Amino acid sequence: MTRTSLLLLMISLPGLFACGGDDTGTDDSGLTETDADTDTDADTDTDTDTDTDTPPVNDSDIAKVQRGEYTVGETLTLTGVLTHDETYYGFFLTDGVGGPYSGLWIYNPHGVDNELVRGDEIEVTGTVVEYAGVTGGDESLTELEISADTVITRLSQGNALPDPSVLDAATLNDSSLLEAYEAVQVQIVDLSVTNRDLGFGEWEVTTSDGGSMRISDQLYTFGTVLEGATLESVTGLVNWSYANFKIAPRDADDFVGYDVECTADKCVGDLLEGELVITEFMANPASCNDNDCEWLELYNASGGSVDLYGLVLEDNAGRQDAITDSVVVVDGGLVLLGTGSADGWGHAEFTPDAHWGTSFILGNSGGSVSLQVTSTGLTVDATDYSSDAGASGFSWQLSPSASDSTSNDDAANWCLSTSPIGSSVDYGTPGQANAECSAK
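In this report, the structure presented in the accompanying data block is examined. Owing to the predicted nature of the structure, the values given are computational and were not obtained by experimental measurement.

Scanning the chain from N- to C-terminus turns up five helices and 27 strands. With 440 residues in all, the chain has 45% of them scored as buried. Sequence separation of 24 or more characterises 63% of the internal contacts of the chain that already satisfy a separation of 6 or more. Carbon together with sulfur atoms contributes 47% to the accessible area of the chain, which is approximately 22000 Å² in total.

Below, the discussion takes up the packing of aromatic side chains. Scanning the model with the defined rule gives 14 aromatic pairs in all. When the centroid spacing of 4.8 Å and the interplanar angle of 55° are considered together, the rings of F281 and Y385 count as tilted. Of this pair, F281 sits in strand β16 (residues 276–282) while Y385 sits in strand β25 (residues 378–385), and the two are 104 residues apart along the sequence. You'll find F281 and Y385 in the same group, each marked buried. In this structure an aromatic cluster arises from ring pairing among W203, Y220, F222, F255 and Y258.

So, on to the pairing of β25. Pairing of strand β24 (residues 367–373) with β25, which is carried by seven bridges, proceeds in the antiparallel orientation. Across the sheet, residue V369 finds its bridge partner in β25, namely T383. Here β24 folds back onto β25 in antiparallel fashion, the turn holding four residues, of which G377 has a positive phi close to 75°.

Note on soluble globular proteins: their nonpolar side chains tend to be buried together. One finds I188, W203 and L231 to be the most contacted residues of the largest nonpolar core, which totals 37 residues. Listing elements by their share of this core, those giving two or more residues are β10 (185–199), β11 (202–207), β12 (212–215), β13 (230–241) and β14 (244–248). Per element, the largest residue contribution to this core is five residues, and it comes from β13. The residues touching W203, leaving out its near neighbours within four places in the chain, are V193, N195, R196, D197, L198, M213, R214, I215, F222, V225, L231 and F255. In terms of nonpolar packing, the next biggest core, distinct from the first, is built from 32 residues, L276, I278, L308 and W396 among them.

A word on the side chain of T206. You can see T206 is positioned in strand β11. Excluding residues within four positions of it along the chain, T206 makes contact with D190, L191, S192, T194, G211 and S212.

Read across the sheet, six strands follow the order β23-β22-β17-β16-β26-β27 without closing on themselves; strand pairing throughout is mixed. The sheet is open, and its two borders are formed by β23 (354–355) and β27 (414–416), each paired with just one other strand. By the bridge criterion, five bridges tie strand β17 (residues 295–300) to strand β22 (residues 334–338) in an arrangement that is antiparallel. Bridging from a neighbouring strand, L296 pairs with L337 of β22.

With antiparallel pairing, the four strands of this open sheet are ordered in space as β20-β19-β24-β25. One side of each edge strand has no neighbouring strand; the edge strands of this open sheet are β20 (320–322) and β25. With strand direction ignored, the average angle separating the axes of adjacent strands in the sheet is 20°.

Glancing now at the environment of V151. Considering the arrangement of structural elements, one finds V151 in the loop between β7 (141–145) and β8 (153–156). Note: C-alpha distance between V151 and V124 (27 residues apart in sequence) is 6.9 Å.

Under the counting rule described, the total for this entry stands at three disulfides. Here C262 pairs with C267 through a disulfide, and the sulfurs are 2.0 Å apart. Taking the sign of the S-S torsion, about -90° here, the bridge from C262 to C267 comes out left-handed. What pairs with C288 in a disulfide is C293, and their sulfur atoms sit 1.6 Å apart. Disulfide C288-C293: the torsion about the S-S bond is -125°, which places it as left-handed. What makes C293 buried here is its relative accessible area of 0%. Cysteine pairing in the chain follows 1-2, 3-4, 5-6, where each cysteine in a disulfide is numbered by its order in the sequence.

Rules of the game
Residues numbered from 1 in each chain as written. Predicted model: local features only at pLDDT ≥ 70, side-chain atom pairs only at ≥ 80, totals over all residues. Heavy atoms only, no water. Helix = DSSP H or I, 4+ residues; strand = E, 2+ residues; numbered from the N terminus. Buried < 20%, exposed > 50% of the residue type's maximum accessible area, 1.4 Å probe, protein only. Contact = heavy atoms within 4.5 Å. Areas by Shrake-Rupley, 256 points an atom, 1.4 Å probe, with all protein chains shown as cover. Phe/Tyr/Trp six-rings, centres within 6.5 Å; stacked < 30°, edge-to-face > 60°. Pairing = 2+ DSSP bridges. Core = buried A, V, L, I, M, F, W, Y, C linked by side-chain atoms within 4.5 Å. Axes fitted to C-alpha atoms, helices over the stretch in contact; angles between N-to-C directions. Disulfide = S-S within 2.5 Å.

Following this line, the structure appears as structure tokens:
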């Protein structure tokens with residue numbers, strides 16, 4: 001084809017060489033052409049993925065017992081790992097999976113002792129039991145009861161435990177949901193103490209989202225707690241007894257972030273050893289009854305003010321009481337603590353700055369006084385005393401030259417007071433400087 005013929009063809013077919021993607025185009029001659037192609041893609045992709053992921057069913061024997069797949073009265077042999085050190089009357093097992101239905105209480109009414117510890121994998125035979133605990137109660141505890149001649153076989157040691165299940169308020173407040181976590185290791189977070197004494201060593205916490213739960217001393221005693229104290233978390237094993245679900249922590253590590261707010265340079269939880277010193281106490285008052293008039297004096301050697309709210313007093317028998325009022329002691333100052341309550345205080349000559357309750361006792365025939373901090377496990381100060389300190393009507397006082405937590409361990413630095421308390425028949429210097437002991 002010649003160049004002239006090609007040019008004529010291009011002029012006669014302008015739409016064939018139009019640029020761009022327009023349906024309508026105009027050539028150099030001014031002629032307009034409209035593309036009449038109306039083809040549309042009517043295909044519609046209607047495929048949908050209807051697959052749903054479902055967690056596998058825990059088919060361990062422990063889970064089957066908890067789900068009721070083994071009937072009450074049935075005898076079976078199962079394996080599991082101890083989630084805590086063995087107690088005399090039973091232990092909790094996990095199947096190692098974690099989560100709902102993964103734990104079981106093994107009831108050991110005959111005290112079969114194998115010295116089992118956390119992480120031991122065992123094989124045990126027993127009978128499935130539902131323990132109601134309370135006549136007429138709706139709930140019960142599923143357990144495997146072992147007999148006096150049961151042989152517990154340790155299969156391995158040092159096994160890791162599954163991570164605890166974190167429970168929310170909806171689960172904590174619904175017993176039908178908690179049922180699935182019987183004997184399971186769980187954790188609750190962001191807590192405040194809302195009842196410090198429910199009786200029988202139990203106390204109540206509430207989560208920030210409104211869940212509530214009892215904390216039990218079944219496996220470990222945390223110590224004296226105070227209402228309003230906060231905790232970052234509590235971990236433990238879910239138990240059911242006396243018509244209540246509760247969590248049983250196993251040791252101090254199961255409590256994280258216990259804290260009590262205060263209004264001084266130091267809260268009790270900030271104290272170091274020796275920053276409070278026991279300087280005087282009355283174990284056997286003559287002017288009124290012991291349980292109305294026992295008192296204790298402390299010296300603040302911390303270098304700053306201290307709020308005693310939460311300080312725990314413990315005697316030689318392990319009885320404890322806490323100071324549940326905010327009382328601030330200035331640096332170098334003395335503070336006077338009394339037994340019972342302000343309403344029941346029996347001594348007319350002076351008034352304590354705070355009271356410790358009725359559990360802690362100053363024994364007349366000797367004993368000990370210990371100042372404890374629940375949150376840290378610290379003993380701030382402690383001193384033992386003999387029956388000499390129990391002389392009727394006389395306080396036992398520390399020489400001022402020995403007012404530190406080391407010197408007050410030496411009985412030679414103590415003596416009976418010789419200063420009368422007002423017009424009473426008692427002798428002592430409550431809240432005031434002691435006299436130097438004559439041997440000093």
